[in-house]
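Chain by chain, the residues run as shown.
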2 protein chains.
Amino acid sequence: MPKSIPDIVIGRLPIYLRALQHMGMEGRQVTSSQELGERLGISAAQIRKDLSQFGEFGKQGTGYNIDFLSKQLQEILKVDRVWDVAIVGAGDIGKGLANYNGFSSRGFRIVMIFDSNPNLVGTQLGGFTIKDSRLIKQELESSNVRVAMIAVPAAQAQAVAEQLVEAGVKAILNYAPVNLTVGPDVHVQHIDPTIHLQRMTYYLD
Amino acid sequence: MPKSIPDIVIGRLPIYLRALQHMGMEGRQVTSSQELGERLGISAAQIRKDLSQFGEFGKQGTGYNIDFLSKQLQEILKVDRVWDVAIVGAGDIGKGLANYNGFSSRGFRIVMIFDSNPNLVGTQLGGFTIKDSRLIKQELESSNVRVAMIAVPAAQAQAVAEQLVEAGVKAILNYAPVNLTVGPDVHVQHIDPTIHLQRMTYYLD
């Protein structure tokens with residue numbers, strides 16, 4: 001696999017995969033870069049260029065086999081396996097994540113939930129007993145968790161991230177509206193609704 | 001204002017603004033592209049290049065005045081005003097958004113919440129009475145709402161988006177894990193945790 005593919009291209013692959021999986025669920029077997037592009041608002045040329053970085057997935061004129069291309073993208077994105085995931089924070093967002101049923105078919109499985117609120121620790125959420133955040137390191141060390149989601153208030157997020165990283169986590173999805181500082185070998189993605197909204201208001205009159 | 005600034009640059013401005021506002025809250029007055037870059041994991045050169053597209057915000061050697069640059073970015077992103085926002089969907093995610101207190105200081109104000117579940121319609125959430133989703137068009141037409149967040153199940157999201165657009169909404173933040181098809185004059189951003197997770201697992205061994 002080439003090493004130097006731009007991150008922006010990697011960022012589009014999960015979007016292609018999601019669209020292909022939807023088409024698969026609709027019972028479709030073949031698609032084209034044109035059709036994918038129309039669904040996604042991305043040019044067909046861009047899609048062909050992105051995919052061509054990883055190999056030849058379609059034949060000229062016959063389009064892409066949906067099932068084959070989905071499997072290839074799953075393999076490239078390493079979601080042809082199931083990643084164990086920890087959630088830290090059992091507020092509204094953590095609850096939403098714990099109850100969300102869109103992970104398991106797409107390569108992820110929630111395996112633990114932590115919170116620091118003593119009123120929540122020990123209670124049930126999404127089939128799990130909420131664990132005490134002070135035990136993050138201890139609990140993760142005896143697990144296979146390398147992916148985590150942070151859904152705690154902004155003021156606590158950096159400390160939580162540091163505990164997760166110490167316990168071996170390499171990929172963090174951060175819902176706290178604050179930037180996290182982690183080592184270069186740890187991947188972080190941020191979800192902050194205000195950031196997304198501000199990116200759109202730029203274009204409004 | 002130049003018209004042709006790449007969307008990827010626009011996408012970084014809210015991240016700069018958030019970091020500047022955090023620094024402001026810490027009582028700081030001046031920063032540099034170096035310091036911002038270290039906080040954000042973005043190169044100082046990239047930050048200088050991005051900002052230079054909009055004018056001269058710092059003097060060589062003296063750095064950026066945090067308050068001044070924040071105000072300029074707010075103006076560029078059009079969040080020097082307050083946008084009224086509607087939420088559709090009062091499940092866990094909608095609840096989290098309704099209760100989130102990070103909007104008002106950053107240019108947005110939730111003004112209505114809709115849901116289609118008769119058990120939720122009429123109940124209170126975040127200081128609002130949840131309205132019936134069937135009334136979206138009617139309620140929005142007598143309002144000033146041009147920005148909305150969709151937090152409904154995937155199967156309902158497209159229909160909700162169409163109602164919002166008919167009622168004049170021009171920017172949609174979509175939490176449903178499905179792509180939305182809207183006209184070219186409507187801006188959509190997607191938040192799907194699985195997409196973000198998959199973008200990171202690519203890099204894991």
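Look up a bit, the structure's there.
Being a predicted model, the structure only gives us computed values, none of them experimental. (Residues numbered from 1 in each chain as written. Chains lettered and ligands numbered in written order. Predicted model: local features only at pLDDT ≥ 70, side-chain atom pairs only at ≥ 80, totals over all residues. Heavy atoms only, no water.)

### Digging into the interface of chain B and chain A
Phase 1 of the analysis: In this assembly, 61 residues from chain B lie in contact with 61 residues from chain A.
Phase 2 of the analysis: A combined buried area of about 6,000 Å² lies between chain B and chain A, and 62% of that area is made up of carbon and sulfur atoms.
Phase 3 of the analysis: Summed over the shared surface of chain B and chain A, the number is six salt bridges.
Phase 4 of the analysis: For B:Asp7, the salt bridge is made with A:Arg199, and the minimal N-O distance between the two is 2.6 Å.
Phase 5 of the analysis: In this structure, the connection of chain B to chain A is made through 24 residue pairs in polar contact (both at pLDDT 80 or more).
Phase 6 of the analysis: Contributions of two or more residues to the side of chain B that touches chain A are made by helix H1 (7-25), helix H2 (33-40), helix H5 (92-99), strand S9 (147-150), strand S10 (171-174), strand S11 (187-190) and helix H8 (193-201) of chain B.
Phase 7 of the analysis: Across the side of chain B that touches chain A, the residue classes break down as 35 nonpolar, 14 polar and 12 charged. (Contact = heavy atoms within 4.5 Å. Buried area = accessible area lost by both parts, 1.4 Å probe. Salt bridge = Lys/Arg side-chain N within 4 Å of Asp/Glu carboxyl O. Polar contact = N/O pair within 3.5 Å; in protein donor to acceptor, adjacent residues only side chain to side chain. Helix = DSSP H or I, 4+ residues; strand = E, 2+ residues; numbered from the N terminus. Nonpolar A, V, L, I, M, F, W, Y, C, P; charged D, E, K, R; others polar.)

### A closer look at the side chain of B:Arg12
Residues and elements named next belong to chain B.
Phase 1 of the analysis: Along the chain, Arg-12 turns up in helix H1.
Phase 2 of the analysis: Residue Arg-12 is classed as buried on the basis of its relative accessible area of 17%.
Phase 3 of the analysis: Those residues in contact with Arg-12 that sit more than four places away from it in its chain are Ile-42, Gln-46 and Asp-50. (Buried < 20%, exposed > 50% of the residue type's maximum accessible area, 1.4 Å probe, protein only.)

### Considering unusual backbone geometry
Phase 1 of the analysis: Non-glycine residue A:Lys78 carries a positive phi angle of around 65°.
Phase 2 of the analysis: Residue position: A:Lys78 is located in the loop between helix H4 (66-76) and strand S4 (83-88).

### With respect to the sheet that holds strand S5 (residues 108-115) of chain B
Residue and element names in this part refer to chain B.
Phase 1 of the analysis: The six strands are arranged S8-S5-S4-S9-S10-S11 in an open sheet whose pairing can be described as parallel. Only two strands of the sheet have a single partner each, and these edge strands are strand S8 (131-132) and S11.
Phase 2 of the analysis: As paired strands, strand S4 (residues 83-88) and S9 are joined by four bridges and run parallel to one another. In the strand pairing of S9, Val-88 is matched with Ile-150.
Phase 3 of the analysis: Relative to S9, helix H7 (residues 154-166) is tilted by about 170°, and along the sheet it contacts S4, S9 and S10. (Pairing = 2+ DSSP bridges. Axes fitted to C-alpha atoms, helices over the stretch in contact; angles between N-to-C directions.)

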